[in-house]
Amino acid sequence: MDISGIISVIMGDIVEQDVDAIVNAANNSLLGGGGVDGAIHCAAGPQLLEECRALGGCPTGEARITKGYMLPAKWVIHTVGPVWKGGRFREEQLLTDAYRNSLTLAEKYDVKSIAFPGISIGAYGFPVEIASGLAVGTILEHLKTGSSLNDVRLICFNEASYIFYLNALEQQVSLL
Ligand code: AR6
């Protein structure tokens, strides 16, 4: 299978994606917040928060799964990206872990299609020019290892971030 055809960059709202799983850029409490986290909780309904409460939080770089409730997606994979503190606090490693652990968890639940937001590039302040390259690189690495995913979407909420993720994808696909 041609890996480059599996991954796409789309401008849109992640809660509207008709995929098996969407990924939430959550915080360590998993009890909701603003940004994409707030949008996902709002669209999924209050049962999502109830299930999240029982999970007891999530360390940075790890991932947890819940049902999608009122979302089109069957599953929500909650991951916690790092807060950007200048780049000397393992931020790049932790962001890579967040993508990798989300993908691994997705495979475990037989997910074939998945949509990611730009983890950490909003409230957590991770520079999008670095985050976009890491996101694309980590997804491509995962797909190379014999994944059963056939549709991996990077959902961008504005044009500025869309251009960064698209450029990162084009650049890295040309090197495959
Ligand atoms: N669909 C797709 N992308 C979105 C949507 C949406 N509906 N809404 C926002 N984005 P952020 P972070 C984009 O701040 O940086 C929360 O309060 C947004 O434009 O949501 O990982 C959590 O609880 C940006 O490009 O996530 C944490 O406390 C990207 O999603 C904290 O924010 C990520 O922005 C996590 O911060």
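Higher on the page you've got the structure.
None of the values given here were measured: they were computed from a predicted structure.

**Student:** Looking at this model, I keep getting lost on the overall build of the protein chain. Mind explaining?
**Tutor:** Scanning the protein chain from terminus to terminus reveals five helices and six strands. Once the C-alpha set of the protein chain is aligned to its principal axes, its extents read approximately 45 × 35 × 30 Å. Long-range pairs, those at least 24 residues apart, make up 69% of the contacts in the protein chain between residues at least 6 apart in sequence. If you sum the accessible surface of the protein chain, you get close to 8300 Å²; carbon and sulfur atoms cover 53% of it. Here the protein chain contributes 12 positive and 19 negative side-chain charges, whose respective centroids are spaced 9 Å apart.

**Student:** Please explain the environment of A21 as it appears in this structure.
**Tutor:** Position of A21 among the secondary structure elements: in strand β2 (residues 21-25). It is 6.7 Å that separates the C-alpha atoms of A21 and V111, two residues lying 90 residues apart in sequence. Excluding its chain neighbours within four sequence positions, the residues that come into contact with A21 are A73, W75, I77, V111, S113, I114 and A115.

**Student:** Explain the packing of helix α1 (residues 35-44) against helix α2 (residues 46-53) here, please?
**Tutor:** Between α1 and α2, whose axes approach to 5 Å, the crossing angle comes to 115°. Of α2, the residues touching α1 (which contributes I40, H41 and A44) are L48, L49 and C52. Across the contact of α1 with α2, the residue classes break down as five nonpolar, one polar and no charged.

The rules behind each value
- Sequence positions are assigned chain by chain, starting from 1 and proceeding in written order.
- In keeping with the predicted nature of the model, local features appear solely for residues at pLDDT of at least 70, side-chain atom pairs appear and are counted solely at 80 or more, and the whole-chain, interface and lining totals rest on all residues.
- Side-chain figures throughout are based on the complete set of non-hydrogen atoms in the structure, without hydrogens or water.
- Put simply, DSSP marks the helices as runs of H or I at least four residues long and the strands as runs of E at least two long, and each gets a number from the N terminus on.
- Should any heavy atoms of two residues lie within 4.5 Å, those residues are considered in contact.
- Reported accessibility uses the Shrake-Rupley method at a 1.4 Å probe radius. Residues are deemed covered only where the shown protein chains occlude them.
- Positive charges come from Lys and Arg, negative ones from Asp and Glu, while His and the chain ends are left out of the count.
- To locate a charge, take atom NZ for lysine, CZ for arginine, CG for aspartate or CD for glutamate.
- To get an axis, a line is fitted to the C-alpha atoms, and for a helix only the part in contact is used. The angle between two axes follows their N-to-C directions and goes from 0 to 180 degrees.
- Put simply, Ala, Val, Leu, Ile, Met, Phe, Trp, Tyr, Cys and Pro go in the nonpolar bin, Asp, Glu, Lys and Arg in the charged bin, and everything else, Gly too, in the polar bin.

Scope: geometric values only; no functional claims are made or implied.
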